[in-house]
Amino acid sequence: MASEHEGGCVIIDGKAIAGTIRSEIAKDVEDLSQKYGKVPGLAVIIVGTRKDSQSYVSMKKKACAEVGIRSLGVDLPEDVSEEELIEKIHEFNSNPDVHGILLLLHAY
């Protein structure tokens, strides 16, 4: 995964390292599932319709699926009230299947 070249620099293989990390996480998730009957869950809340946010979340959901982590999410309009947003956060926070919350809220 890494090799040393002249001048003392080290070239790393990022894809190989990422693959190793994903494999380790997948094994950990499988172990949790077998031991406790649960898998980690990630809730994602996106406020607004920015394409970069949608793309970022799509990559996170794909990464979750690759390692066996459950992902769920909600898209809220840009003009969502603070009260509605906090309510959604509380809803996910009280869900026993959710172990982390990713919130994408851009300041305008």
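Residues numbered from 1 in each chain as written. Predicted model: local features only at pLDDT ≥ 70, side-chain atom pairs only at ≥ 80, totals over all residues. Heavy atoms only, no water.

Student: Can you break down the overall build of the chain residue by residue, with the values?
Tutor: The helix and strand inventory of the chain stands at three helices and five strands. Secondary structure elements of the chain, listed N to C terminal, follow the sequence β-β-α-β-α-β-α-β. Here the C-alpha radius of gyration of the chain, 18 Å, is well above what a compact globule of 108 residues would show, namely 13 Å. In terms of overall dimensions, the chain has a C-alpha envelope of 60 × 40 × 15 Å along the principal axes. Counting only residues that meet the buried cut, the chain has 21% of its 108 residues in that class. Residue pairs in contact within the chain that sit at least 24 positions apart in sequence constitute 66% of those at least 6 positions apart. Total accessible area on the chain stands at roughly 7,600 Å², and carbon and sulfur atoms take up 54% of it. (Helix = DSSP H or I, 4+ residues; strand = E, 2+ residues; numbered from the N terminus. Rg over C-alpha atoms; globule rule 2.2 N^0.38 Å. Buried < 20%, exposed > 50% of the residue type's maximum accessible area, 1.4 Å probe, protein only. Contact = heavy atoms within 4.5 Å. Areas by Shrake-Rupley, 256 points an atom, 1.4 Å probe, with all protein chains shown as cover.)

Student: Lay out the sheet that holds strand E5 (residues 100-105) with the relevant residues and their values.
Tutor: A sheet is described by the order of its strands in space; here three strands give the open sequence E4-E3-E5, paired in parallel fashion. In this open sheet, the two strands that pair with only one neighbour each are strand E4 (70-76) and E5. For this sheet, the mean inter-axis angle between neighbouring strands, taken without regard to orientation, is 15°. Docked against the sheet, helix H3 (residues 82-93) engages strand E3 (41-47), E4 and E5, running at close to 175° with respect to E3. (Pairing = 2+ DSSP bridges. Axes fitted to C-alpha atoms, helices over the stretch in contact; angles between N-to-C directions.)

Student: Now, about the side chain of Ser53: what can you tell me, with residues and values included?
Tutor: Along the polypeptide, Ser53 turns up in helix H2 (residues 51-67). Apart from the residues within four sequence positions on either side, Ser53 is in contact with Ile46, Leu104 and His106.

Student: Report on the pattern of salt bridges, specifying residues and quantitative values.
Tutor: On inspection of all chains with the given rule, the structure shows six salt bridges. The residue Arg22 makes a salt bridge to Glu66 at a minimum N-O spacing of 3.5 Å. Placement of Arg22 in helix H1 (residues 14-36) and of Glu66 in helix H2 is noted, with a sequence separation of 44 residues between them. Look at the salt bridges and you will find they share partners, linking Lys38, Arg70 and Asp97 into a network. (Salt bridge = Lys/Arg side-chain N within 4 Å of Asp/Glu carboxyl O.)

Student: Can you explain a negative patch on the surface? Please cite residues and give values.
Tutor: A contiguous patch of negative charge, built from Glu78, Asp79, Glu83, Glu84 and Glu87, is present on the exposed surface. Its place among the elements puts Glu87 in helix H3. (Patch = residues over 30% accessible without salt bridge, like charges linked within 9 Å, V, L, I, M, F, W, Y side chains within 5 Å. Lys, Arg positive; Asp, Glu negative; His and termini not counted. Charge placed at Lys NZ, Arg CZ, Asp CG, Glu CD.)

Student: Describe the nonpolar core, and please don't skip the residues or the numbers.
Tutor: With nine residues, the main nonpolar core is built from Ala43, Ile45, Val47, Val74, Leu76, Val80, Leu85, Phe92 and Val98. Elements that contribute at least two residues to this core include exactly E3, E4 and H3. Sort the elements by how many residues they give to this core and E3 lands first, with three residues. Apart from the residues within four sequence positions on either side, Val98 is in contact with Gly41, Ala43, Leu72 and Phe92. Among the nonpolar cores identified, the runner-up in size contains six residues, and Leu42, Val44, Ile46 and Val57 belong to it. (Core = buried A, V, L, I, M, F, W, Y, C linked by side-chain atoms within 4.5 Å.)

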